[in-house]
Amino acid sequence: MQMTWRWYGEGNDSITLDHIRQIPGVEGIVWSLHNKVAGEVWEEEEIDKVMDLIKSKGFNADVVESVNVHDDIKIGLPTRDKYIDIYIDTIRKLGARGVKVICYNFMPVFDWTRTDLYKELPDGSNSLFYEKDAIVNDPNIMAERILKGAGKYTMPGWEPERIAKLDELFKSYAGVDEDKLFENLKYFLERIMPVCEEQDVKMAIHPDDPPWPIFGLPRIIRSRDHIKRFLDQVDNPYSGLTLCTGSLGPNLFNDIPSIVREFHDRIYFAHIRNVKVYENGDFSEVSHRGKDGNVDVYEVLKAYHDNGYTGYLRPDHGRHLWGEEKDCRPGYGLYDRALGVMYMLGVWDSLDKRKGGH
Ligand code: DNO
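Residues numbered from 1 in each chain as written. Predicted model: local features only at pLDDT ≥ 70, side-chain atom pairs only at ≥ 80, totals over all residues.

**Q** Sorry if this is basic, but what is going on with the environment of M155 here?
**A** Considering the arrangement of structural elements, one finds M155 in the loop between α5 (139–150) and α6 (160–163). Put simply, M155 and P330 are 175 residues apart on the chain and 8.6 Å apart in space, counted from C-alpha to C-alpha. If we skip the residues at most four places from it in the chain, M155 touches I146 and A150. (Helix = DSSP H or I, 4+ residues; strand = E, 2+ residues; numbered from the N terminus. Contact = placed C-beta atoms within 7 Å.)

Okay, structure coming up:
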């Protein structure tokens, strides 16, 4: 397992690479060109600049999260081929520079969705929260909340220019049901697989968050059966998973340790975070400690460890602690993610020792 940390780039993150260097065990920086909207060309100089900076601080830059997929590809419009060509160009440029994994998602319109970015927890910290009944019919209300909560930062998937065209976007998804979305995903993957093979770049799809349809839009990577269908329909080792416990976790029927055991050889990137699910279906993001929520983080890590997982892993969102929400990206503060790294490395090290018979 290789521990990594998601960083949004200089001037775009309250956390610096020098901060991250002081967290024990972090080997790699998960990065992206966050100024790019889906479908835009990634220039070589821009890529080099970020990768060189990351490497100059002693980290690897093997994982990119994300190269976002243009909606025309998800909808299956005739213009999709143009955007797939641009995607292929980006894979080539990244592969040539040693990038090993590209994380992406295939969620229509929205990336991850929450109703409150700073919900107070009983310990006085606050974190991202999802109130089931607040997801009403009008997605504009939700978008407004997220944009307001994000303050000076733009959130991937929630770029104001996309959100401004929300009604139009929703209309273009009419007729795209689960089967159609699976079909469009297959088309996309089949076109890019040869380049991934040639460049030795693994594609790792991120599950849908939350793991159920919202606003009448289909969401297709949200349970063991959906994952199986996804992996079977393009049965190529270059197409695999970013297995996110926090995305699958709010559906208590998702047995995540067993999903890891079943699909471990197609998991290239592990996102680990804990959620606490309330009786009415609302959920809060909580600390990484297994006992604090519904995700048994120890069992998840054990499932990876038992299978000799050598892929990348990162703490996913954390709570905002000690007032840091005043200047950090929602869910991406320093302290709780650093605590998460230490918790997970503690579990991992003890699993190593037990295996070694100590
Ligand atoms: C949430 C993230 C997601 C993820 C994308 C991948 O914080 O895990 O936004 O980056 O879904 O494309």
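Text resumes after the structure shown.
**Q** I would appreciate a short explanation of the sheet that holds strand β11 (residues 283–286) in the present structure.
**A** Pairing between the strands of a sheet is mediated by backbone hydrogen bonds and can be parallel or antiparallel. Spatially, the 4 strands line up as an open sheet ordered β5-β6-β11-β10, and their pairing is antiparallel. Of all the strands in the sheet, just β5 (116–120) and β10 (274–277) have a single pairing partner and so form its edges. Averaged over all neighbouring strand pairs, the angle between strand axes comes to 40°, with direction disregarded. Relative to strand β6 (residues 126–130), β5 runs antiparallel, the two sharing 3 bridges. Directly across from D116, in β6, lies its bridge partner F129. (Pairing = 2+ DSSP bridges. Axes fitted to C-alpha atoms, helices over the stretch in contact; angles between N-to-C directions.)

**Q** Even after reading the chapter, I still don't get the environment of E65, so can you show me in this structure?
**A** Within the secondary structure layout, E65 lies in strand β3 (residues 60–65). With 57 residues separating them along the chain, E65 and P122 place their C-alpha atoms 32 Å apart.

**Q** Hey, could you run me through the nonpolar core in this one?
**A** Burial of nonpolar side chains together is a common tendency in soluble globular proteins. Residues I102, A204 and V300 are the most contacted members of the largest nonpolar core, which totals 81 residues. Residue contacts for I102: discarding those within four places in its chain leaves V64, V67, I91, L94, V201, M203 and A204. (Core = buried A, V, L, I, M, F, W, Y, C linked by C-beta atoms within 7 Å. Buried ≥ 20, exposed ≤ 12 C-beta atoms within 10 Å, placed from the backbone.)

**Q** Teacher, can you tell me more about unusual backbone geometry here?
**A** Glycine aside, a negative phi is what most residues show, and trans is what most peptide bonds show. Residue S66 is reached from E65 by a cis peptide bond, and omega for that bond is 0°. Tracing the sequence through the fold places S66 in the loop between β3 and α3 (71–75). Omega for the bond connecting D209 with P210 falls within 30 degrees of zero, at 0°, which places this linkage in the cis form. Within the secondary structure, P210 is located in the loop between β7 (202–206) and α9 (224–233). Of note in this structure, V109 is not a glycine but carries a positive phi near 60°. Here V109 is to be found in the loop between β4 (101–105) and β5. Even without glycine at this site, W322 takes up a positive phi of about 50°. One can find W322 in the loop between β12 (312–315) and α13 (335–355). Note on W322: 11 C-beta atoms within 10 Å, which makes it exposed.

**Q** Before we go on, may I ask you to explain the site of the ligand in this structure?
**A** If you check the shell around the ligand, you find 15 residues, and the closest are S66, N105, D111, W112 and H206. No other element matches β4, which puts 3 residues into the shell around the ligand. Taken together, the residues of the shell around the ligand break down into 5 nonpolar, 7 polar and 3 charged. (Near = placed C-beta within 6 Å. Nonpolar A, V, L, I, M, F, W, Y, C, P; charged D, E, K, R; others polar.)

**Q** Explanation requested: the pairing of β10 in the structure shown.
**A** Regular strands have side chains that alternate between both faces of the sheet. When β10 meets β11, the two strands line up antiparallel, connected through 4 bridges. Looking at the pairing, K276 lines up with S284 of β11.

**Q** Explain the pairing of β3 here, please?
**A** Within β3, 5 of the 6 residues are buried, leaving the element largely enclosed by the surrounding structure. When strand β2 (residues 28–31) meets β3, the two strands line up parallel, connected through 3 bridges. Bridging from a neighbouring strand, W31 pairs with V64 of β3. The pairing of β3 with β4 spans 3 bridges and is parallel. In the strand pairing of β4, V64 is matched with I102.

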